[in-house]
Amino acid sequence: MRLSPGLSPLWARPRLSTHTRSLATAYTPLIPQTIIEKVVQKYTVGLPDGKAVKAGDYVMIRPEHVMTHDNTGPVISKFKSIGATKFADKKQAVFTLDHDVQNKSEKNLAKYLAIESFARQHGIDFYPAGRGIGHQILVEEGYAFPYTLTVASDSHSNMYGGVGCVGTPIVRTDAAALWATGKTWWQVPRMVNVELKGKLAPGVTGKDVIVALCGSFNKDEVLNAAIEFTGEGVAALSIDDRLTIANMTTEWGALVGVFPVDQTLLEWYEQMLKKLELRTFGSAAAGIPAPPEHPRINRRRLDALQAAPPHSDADASYSSHLIFDLSTLVPHISGPNSVKISTPLPQLEEAHIPIQKAYLVSCTNSRVSDIAAAAAVMQGNKVAPGVEFYIAAASSAVQQESERLGLWDMLVTSGAKVLPAGCGPCIGLGTGLLEEGETGISATNRNYKGRMGHPKAQAYLASPAVVAASAIKGYICSPDSLDPARLPKNGAPTFYTAPSESLSCSSGPSTTTVYEPLFPGFPDVFSGRLLFTPQDNLNTDALYPGKYTYQDDITLERQAQVVMENYDISFAGTVASLIKAQRQEPSTPSASMNDNTTKEGVILVSGYNFGTGSSREQAATALKAAGVPVVIAGSFGDIFKRNAINNGLVCLECPELVKDLTEAYGKDGTRGAGGKKGELTVDEGHKIRISMQDGSVIIRGPEGEKRYDVRTVGASVQELWVCGGLEGYILKSIQSQS
């Protein structure tokens, strides 16, 4: 079978070669890979022959597509500010206006017009307000397609995994980089195998699955991970159920959530292809020429999917293996105000929790099957007095199909209030938001405090059928069609983590690993004084106070003076004094022995989930401006790490070092209460030397010397550092093209 262009089986293991390129991440050829790693391999550029992409690697990716929505405006500003004038690949970008579509103000309409004009000027695929939610459009129109990598400047791009596409979020600077160069960097997440066993009982849905997963595995088991869904339970899940589950892997904490490309999915695409063919009046029998094929969903691409289907290698590595038995699951409710709280519906129903608002909206559960489930419950009933029931289709195509089937009219006749296809209440925009003291139940994906309205409102998440039933009765309840006799009796689902012995993973560099040269200009060594902040979840507001965030004219010098102000008011002064003393000291031979370059500064070590919170990039630029070139932590908030790397701040993970420093200097040997002397930032005179060639970290202090090992950063991150950050890299790329 001839494969269509760009669809050759590039997921085959890379062949051995002696060719190398500057890339600090170590590699061993022919390493077993997961399906996600194989797809990323296909979209990675600049790899040496034989390099196998693995979890933890920093790579430069050229994704199939990049979607931006209402945030296209700020990305345009960023694009222009760096001097870019044209797109590297106009077919790569997709614009969808979907967030603030109810806003008819002159300002918002002008913004939408400017985005559309920019799209027309550059020949970019554009979907206007009213066409639907971007994620749904990308699935409907084939931008998200099996065995491809598609990114979006929105956290729910995980949803594309429902159709076997590796979807992952990026930030706005990344989007501008992709427009200008076609590329951006990415760190391949750790891999987690989520095995689904059994089959759902009647009345239990994909929404119940992900709500229960979020509440059952709620100790960050999948934080910043790439999830591969496996097991015999997958086959019985509809594609709409898979899209719902993949969508909310974001709330579960993951960066990717991919389902397999199986017969269920292939048959779903066959049905989509038939629908596309029915859009025209082409008829071979009547002698009418066939219409042009859809550019992304067509016979050639579907045939290519089956030509050489990739799969995870039997001995591929996963950081963990979670097992969930679908046959033990009953309908579940998430909340209030947290996805980490999930309760079996039969248990919650007994409380008769009254509601004032109900929502069937969002990219999570507003497809035709969801609307059908709600309509079946609502048929012949009315929305309860005192309850407002809002509905919005995931896309105009969904609404049209629902109208054709008579489903939409059932909901409207029952008293539902129609909103335009778009995000709306799900993100706290437009009509129907929760007011103070109100309780709402929604088929959306997030119920964080204040997201859908007032901070003093209560928000629960549930399946479309449960939302509709609750709208009828005025309190959280199950639909009458749900037969308790056919549900599992135990109430709580069966879930567990497979023993670690069954996993294949490596915790450190191998003695047989080959290391590649560093990117020219990137330091061989980072060294300097070590400061330790014994604190987990040190958030971006602690790193850089919110009151400075929107002072656009603030200088880097001023940022350095206020860095960590909300955590330790003395931190900036301590760093400044250490930097000053460091500059007055002559370099010692041991500090630069066998090094081509050494970058000195103050090295900060902290706990886990460093930089959690908002997306403010000043949290990273302020540290760097203060003289901190490297932060070592147990783990990082993913958005902070992206902002750090985009601005030339190196982030390394070393749990063992964090553990040792905590035991030695944390109050009571723990993190969260400062040092043993009551100080928030511990300075015991340690010096640190980090080799970026082999990942060795040498700590010298009063107790002597000790070595640790870290995974260093790859060529993509090194080049960004040399260029002064992602904007510098874009400028370099533009200049090289001209």
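Rules and cut-offs
Residues numbered from 1 in each chain as written. Predicted model: local features only at pLDDT ≥ 70, side-chain atom pairs only at ≥ 80, totals over all residues. Heavy atoms only, no water. Helix = DSSP H or I, 4+ residues; strand = E, 2+ residues; numbered from the N terminus. Rg over C-alpha atoms; globule rule 2.2 N^0.38 Å. Buried < 20%, exposed > 50% of the residue type's maximum accessible area, 1.4 Å probe, protein only. Contact = heavy atoms within 4.5 Å. Areas by Shrake-Rupley, 256 points an atom, 1.4 Å probe, with all protein chains shown as cover. Lys, Arg positive; Asp, Glu negative; His and termini not counted. Charge placed at Lys NZ, Arg CZ, Asp CG, Glu CD. Pairing = 2+ DSSP bridges. Axes fitted to C-alpha atoms, helices over the stretch in contact; angles between N-to-C directions. Parallel < 35°, antiparallel > 145°, perpendicular 65-115°, else oblique. Left-handed = near helix turned anticlockwise from the far one by under 90°. Nonpolar A, V, L, I, M, F, W, Y, C, P; charged D, E, K, R; others polar. Core = buried A, V, L, I, M, F, W, Y, C linked by side-chain atoms within 4.5 Å. Salt bridge = Lys/Arg side-chain N within 4 Å of Asp/Glu carboxyl O. Phe/Tyr/Trp six-rings, centres within 6.5 Å; stacked < 30°, edge-to-face > 60°. Arc of directions from axis to C-beta. Polar contact = N/O pair within 3.5 Å; in protein donor to acceptor, adjacent residues only side chain to side chain. pLDDT = per-residue confidence, 0-100.

### Focus: the overall build of the protein
Here is step 1: Counting its secondary structure elements, the protein contains 24 helices and 27 strands.
Here is step 2: Taking 2.2 N^0.38 as the reference for a compact globule, 738 residues should give roughly 27 Å; the C-alpha atoms of the protein span a radius of gyration of 26 Å, in line with that estimate.
Here is step 3: Out of the 738 residues belonging to the protein, those deemed buried represent 59%.
Here is step 4: A fraction of 76% describes how many contacts in the protein between residues 6 or more apart in sequence connect residues 24 or more apart.
Here is step 5: When the accessible area of the protein is evaluated, it comes to approximately 29400 Å², of which 52% is carbon and sulfur surface.
Here is step 6: If you average the places of the 69 positive and of the 74 negative side-chain charges in the protein, the two averages end up 3 Å apart.

### A look at the sheet that holds strand 27 (residues 704–709)
Within a sheet, neighbouring strands are paired by backbone hydrogen bonds and run either parallel or antiparallel to one another.
Here is step 1: With mixed pairing, the seven strands of this open sheet are ordered in space as 24-23-22-21-25-26-27. Of all the strands in the sheet, just strand 24 (650–653) and strand 27 have a single pairing partner and so form its edges. The average undirected angle you get between the axes of adjacent strands in this sheet is 25 degrees.
Here is step 2: The sheet contact formed by strand 22 (residues 598–606) and strand 23 (residues 630–633) spans two bridges and is parallel. What sits directly across from Val605, in strand 23, is Ile632.
Here is step 3: Strand contacts of helix 18 (residues 571–584): strand 21 (525–533) and strand 22, with the helix running at about 150 degrees to strand 21, the strand carrying the most contacts.

### Some remarks on the pairing of strand 8 (residues 184–187)
Sheet faces and side chains relate simply in a regular strand, where the side chains alternate between the two faces.
Here is step 1: Burial along strand 8 is two-sided: the residues Thr184 and Trp186 and Trp185 and Gln187 are all buried.
Here is step 2: Across four bridges, the pairing between strand 2 (residues 58–61) and strand 8 is antiparallel. Bridging across to strand 8, Met60 finds its partner in Trp185.

### So, the packing of helix 6 (residues 206–216) against helix 7 (residues 239–247)
Here is step 1: Viewed as axis vectors pointing N to C, helix 6 and helix 7 meet at an angle of 25 degrees, and their least axial separation amounts to 8 Å. By the criterion of interaxial angle, the relationship of helix 6 to helix 7 is roughly parallel. Seen from above, helix 6 lies across helix 7 with right-handed handedness. In contact with Gly206, Lys207, Val209 and Ile210 of helix 6, helix 7 contributes Asp241, Thr244 and Ile245.
Here is step 2: Tallied by class, residues from the contact of helix 6 with helix 7 come to three nonpolar, two polar and two charged.

### A word on the nonpolar core
Here is step 1: Phe95, Trp179, Ile632, Leu652, Ile690 and Met692 are the most contacted members of the largest nonpolar core, which has 61 residues in total.
Here is step 2: Here this core takes six residues from helix 5 (residues 172–181), the largest share from any one element.
Here is step 3: Every residue in contact with Ile632, bar those within four places of it in the chain, is listed here: Ile603, Leu604, Val605, Ser606, Leu652, Cys654, Leu657, Ile688 and Ile690.
Here is step 4: Met272, Leu276, Leu305 and Tyr318 belong to the second-largest nonpolar core, a separate cluster that totals 49 residues.

### Points about the pattern of salt bridges
Here is step 1: With the rule as written, the count across this model stands at 36 salt bridges.
Here is step 2: In this structure, the salt-bridge partner of Asp480 is Lys473, at a minimum N-O distance of 3.1 Å.
Here is step 3: Judged by its relative accessible area of 36%, Lys473 is partly exposed.
Here is step 4: Through salt bridges with shared partners, a single ionic network connects Asp125, Arg131, Glu140, Glu141 and Arg296.

### Observations concerning the packing of aromatic side chains
Here is step 1: A full pass over the atoms with the stated rule returns 23 aromatic pairs.
Here is step 2: Ring geometry for Phe217 and Phe495: centres 5.1 Å apart, planes at 70 degrees, overall edge-to-face. You can see Phe217 sitting in the loop between helix 6 and strand 10 (225–230) and its partner Phe495 sitting in strand 20 (residues 494–497), a full 278 residues away along the chain.
Here is step 3: For Phe217, a relative accessible area of 3% translates into the label buried.
Here is step 4: Aromatic side chains Phe610 and Phe636 sit 6.0 Å apart centroid to centroid with 80 degrees between the ring planes, which places their arrangement in the edge-to-face category. In this pair, Phe610 sits in the loop between strand 22 and helix 20 (618–626) while Phe636 sits in the loop between strand 23 and helix 21 (638–646), placing the two residues 26 residues apart along the sequence.

### A word on helix 13 (residues 396–404)
Here is step 1: Every buried residue belonging to helix 13 is among Ser396, Val398, Gln399 and Ser402, and all of these are buried. Down the axis, helix 13 shows its buried residues gathered within 155 degrees of arc, on one side only. Opposite its buried face, helix 13 presents the exposed residues Gln400 and Arg404, each directed more than 90 degrees away.
Here is step 2: In the core, the buried residues of helix 13 are packed alongside helix 4 (134–140), helix 12 (368–378) and helix 14 (407–413).
Here is step 3: Within two residues after helix 13, Gly406 carries a phi angle of roughly 85 degrees, on the positive side.

### Let's talk about the environment of Ile82
Here is step 1: Position of Ile82 relative to the elements: it lies in the loop between helix 2 (72–81) and strand 4 (93–96).
Here is step 2: What makes Ile82 buried here is its relative accessible area of 3%.
Here is step 3: On a C-alpha basis, the gap between Ile82 and Gln347 in space is 56 Å, while along the polypeptide they are 265 residues apart.
Here is step 4: When residues no more than four places from it in sequence are discounted, the contact partners of Ile82 are Glu727, Ile730, Leu731 and Ile734.

### Some thoughts on the sheet that holds strand 5 (residues 125–127)
Here is step 1: Strand order in this open sheet of five strands is 5-4-3-6-7, and the pairing throughout is parallel. Each edge of the open sheet is held by one strand with a lone partner, namely strand 5 and strand 7 (166–169). Averaged over all adjacent pairs, the angle separating strand axes in this sheet is 20 degrees, with direction ignored.
Here is step 2: Of the strand pairs in this sheet, strand 3 (residues 65–68) and strand 4 are connected by three bridges, and their pairing is parallel. Looking at strand 4, one finds that Thr68 is bridged to Phe95.

### As for helix 6
Here is step 1: Among the 11 residues that make up helix 6, 11 are buried, leaving the element largely enclosed by the rest of the structure.
Here is step 2: Taken together, the buried positions of helix 6 are Gly206, Lys207, Asp208, Val209, Ile210, Val211, Ala212, Leu213, Cys214, Gly215 and Ser216.
Here is step 3: If you check the start of helix 6, you find a side-chain oxygen 3.2 Å away from the backbone N of Lys207, and it comes from Thr205.

### Concerning the confidence of the model for the protein
Here is step 1: Confidence along the protein averages 89 in pLDDT terms, with 91% of residues attaining 70 or more.
Here is step 2: Considering only residues more than four positions removed or in separate chains, one finds that residues 1–29, a stretch of pLDDT under 50, has 92 contacts.
Here is step 3: A low-confidence stretch, residues 588–595 stays under pLDDT 50, and its non-local contacts, those more than four residues away or across chains, total nine contacts.

### With respect to the packing of helix 5 against helix 24 (residues 726–737)
Here is step 1: Where helix 5 contacts helix 24, the two axes come as close as 10 Å, and the packing angle between them is 10 degrees. Regarding the angle of helix 5 to helix 24, the classification is roughly parallel. Packed against helix 5, whose contacting residues are Thr173, Asp174, Ala176, Ala177, Ala180 and Thr181, the element helix 24 presents Leu726, Tyr729, Ile730, Ser733, Ile734 and Gln737 at the interface.
Here is step 2: When grouped by side-chain class, the residues that make up the contact of helix 5 with helix 24 number seven nonpolar, four polar and one charged.

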